[in-house]
Every structure is written in structure tokens, then in C-alpha cells.
Amino acid sequence: MDGADGIRTPWDSPPEEGAAIEVAEGVLWMRLPLPMALDHVNVYALDDGDGWTIVDTGVNSRRSRAIWQALLDGPLGGKPVRRVIVTHHHPDHVGLAGWFRSEHGAELLTTRTAWLFARMLTLDEQERPAPETLAFWRRAGMAEDILAERAAERPFNFADVVWPLPLGFTRLAEGGTIRMGGRTWDIRCGAGHAPEHATFWSRDDGLVLTGDQAILSISSNIGVYATEPEADPLSDWLEACARLATHARPDQLALAGHKLPFTGLPLRLHQLIENHHGALDRLERHLETPRTAAGCFPALFKREIGRGEYGLALVEAVAHLNHLHQAGRAVRRLTEHGAWEYRRAG
């Protein structure tokens, strides 16, 4: 990638399936497939001498487990995985943490909020969407044909792609440190994409494990869900990016949860902040005409939103509208169809 904007990647392509790239001494970068538009997740292995610490795991599937077995037998040299670190609770990161615990005896380390969310969601299996979910979708202005279709089908359940989680875990917390891969790492928590999202900053060299808090070329989804319909995760995201930027240096190598590792972390964090401020300004102008969340896609996204992306686009639109509404930049009213309709304040 060209470095004209101060952001560079040392690699033009990711590791092949079942292979690893050594990004620094004792630190391996690997990749697992995902059954979605964002078709991969990056995982990392850090050499602790007598075993490995794994950072994030991919989803639970036969294919993922087979790839992990190939990695264990190949690049990881048959040494045991002694610890699994989960940066945040999303299925592509926590999906096989329980498998590593039950089948390989690995210790699970994550933040308390990540563990609580993941364990709660894996235990909450639904055959049909809950009434609160249907009401949330209607409030967001979901298209009637999509709403009817989703109401009649089994929704996505965490348990579909997440191995059962163990009862216990070891807590990681803001301000703590952890020793792995021959380095001491400061633990700093992000937010917005996922609450209490752990990132790790090496004291001994320029490595930063950013998870989904800072990714090259894409911005993590910032969404509001039926579980907390009035949430403002965008405020959390903007605060976290600004706070983490105070620790970032241009020379640090950011090892992210998706895409390629990169340098230029201060600029990337600044871009992530500015991208959302730009989206908020476009959205505010868009609300000169009253709109539902579903009616705000053209202002927020630079592409046509198909059915595959519709759900993520809707929750991100709600997040931006909640931010404007709670900042006093937009007002809303409930329509006769049960949807919130927003317009620019003033």
C-alpha cells in the first residue's frame, strides 16, 4: 500500500489458509475464513517458550477447527496452546475460545464485559425474533417486506457459531499488563464497536494488537440493538479513538482483527474519528426532510445496501441518529406506522 498518507503495510497479501506469517520475533499472523461479506478474521499466536498464547479464534465451524488443527500441527510446531485471549465478544473473535478451553485445556483471558456478553448471548437461543426485536426493527423503519420475512424465520444465534463458553475466565482490565510473546503489554480498552474491547500495546517494541478498534481501510460497525435501543455507542467510539491516539506512534505496527497489519496508527485513528464526524454532518443535512433510520442509508453509505448488509446498515444508522438526537442536533416523532422519524433540529 502506498505510504503517501502516512499509512503503510509491510505485506501485500495475507497468509494462505493453514499458513502463518511471522510479523515480529515470536509473533505469528494467521487468518480464518468467515461466512459473510467480510470474509476473514485475523488471529495471532505469540510464542511463550513452552507454549502459545492465541489472540482471537474465528467462528466455530468444522472448517475453522480443521484449519486450526493444521496450524497447530504446522506453523505452531505441535506446541500446546496454553492461553486464549479474546479482544471482544463478537463471534468471529470468541467463536472457538471454548473449544480451546475444553479440547486443549487453554486458559481463557478477556475483559469482564466481553465474557458476560458472549456467555449471555450463547445461552440465549431463539427460534423466532423476540417481540422487543420486532419492535426495535419497526421503530427503525425496517422495510415491511423484510420485517415480515425476518419475523417468520429463525434469527442468527450466537450459539450457531460460538462453542459453549467455560464457566470461568481470567479477567483483563484497563490499566493492567500482560506478559506474552517475550514482551510486556499494556492493556487499554476501547469501546463503541464492542464494550470493553481490549487492545494490547507492547512496551518492548512497536507492536499493537488493535483487534477491531483500528483496522486498515474499513471502519468497524457501530451499531445499536434491541438490547439497548437508546444507546449512543458512537460517543463511546469517538472517545476511545481519541484516547487511544494519545498512545499511538507512526512507527508502531498495528495488528488488527481484519485486513492487513499497518503502520501510521495515529493517522488511522484520526481518520476513523473524522469519518464519523463527516457522516454525522451528511446525515444532519439529510434530515432537512424527515427520515426513518432505514431512510438514511444514502447519506451514510457510499454504496447500494443489499439484503445481506441491511441489518448492519440499519443498526449503524440508528447509532448515528441516536447520537444526533441526544446531542440536540435532531428531533424525532413516532409515526402512525410505529417508526421513529427524525428531522434536523432548529
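Structure: see above.
A. Spatial organisation of the environment of V315. Position of V315 relative to the elements: it lies in helix α10 (residues 307-326). Under the relative-accessibility criterion, V315 is labelled buried at 5%. Once the C-alpha coordinates of V315 and E153 are considered, the two residues, 162 residues apart in sequence, prove to be 19 Å apart. With residues near it in sequence (within four places) discarded, V315 still touches F136, N221, I222, G223, V224 and Y225.

B. Structural detail: the packing of helix α1 (residues 62-73) against helix α3 (residues 97-104). Their axes nearest at 12 Å, the elements α1 and α3 cross at an angle of 60 degrees. Classified by the angle between their axes, α1 and α3 sit oblique to one another. Relative to α3, α1 is oriented so that their crossing is right-handed. Residues R65, W68, Q69 and L72 of α1 form the contact with α3, whose own contacting residues are W99, F100 and H104. When its residues are assigned to classes, the contact of α1 with α3 shows 4 nonpolar, 2 polar and 1 charged.

C. Local environment of the environment of A173. Looking at the secondary structure, you find A173 in the loop between β7 (170-172) and β8 (177-180). Note on A173: relative accessible area 26%, which makes it partly exposed. Spatially, the C-alpha atoms of A173 and T111 are 5.9 Å apart, while their sequence positions differ by 62 residues.

D. Quick peek at the side chain of H286. Following the sequence through the fold, H286 ends up in helix α8 (residues 265-286). A polar contact is formed between the side chain of H286 and the backbone oxygen of G295, at a distance of 3.0 Å.

E. Quick peek at the sheet that holds strand β2 (residues 27-33). Taken together, 7 strands build an open sheet; the order of strands is β1-β2-β3-β4-β5-β6-β7 and the sheet is mixed. Here the strands that pair on one side only, and so sit at the sheet edges, are β1 (21-24) and β7. Ignoring strand direction, the axes of neighbouring strands in this sheet form an average angle of 30 degrees. Across 3 bridges, the pairing between strand β6 (residues 107-111) and β7 is parallel.

About the criteria used
- Residues numbered from 1 in each chain as written.
- Predicted model: local features only at pLDDT ≥ 70, side-chain atom pairs only at ≥ 80, totals over all residues.
- Heavy atoms only, no water.
- Helix = DSSP H or I, 4+ residues; strand = E, 2+ residues; numbered from the N terminus.
- Buried < 20%, exposed > 50% of the residue type's maximum accessible area, 1.4 Å probe, protein only.
- Contact = heavy atoms within 4.5 Å.
- Axes fitted to C-alpha atoms, helices over the stretch in contact; angles between N-to-C directions.
- Parallel < 35°, antiparallel > 145°, perpendicular 65-115°, else oblique.
- Left-handed = near helix turned anticlockwise from the far one by under 90°.
- Nonpolar A, V, L, I, M, F, W, Y, C, P; charged D, E, K, R; others polar.
- Polar contact = N/O pair within 3.5 Å; in protein donor to acceptor, adjacent residues only side chain to side chain.
- Pairing = 2+ DSSP bridges.

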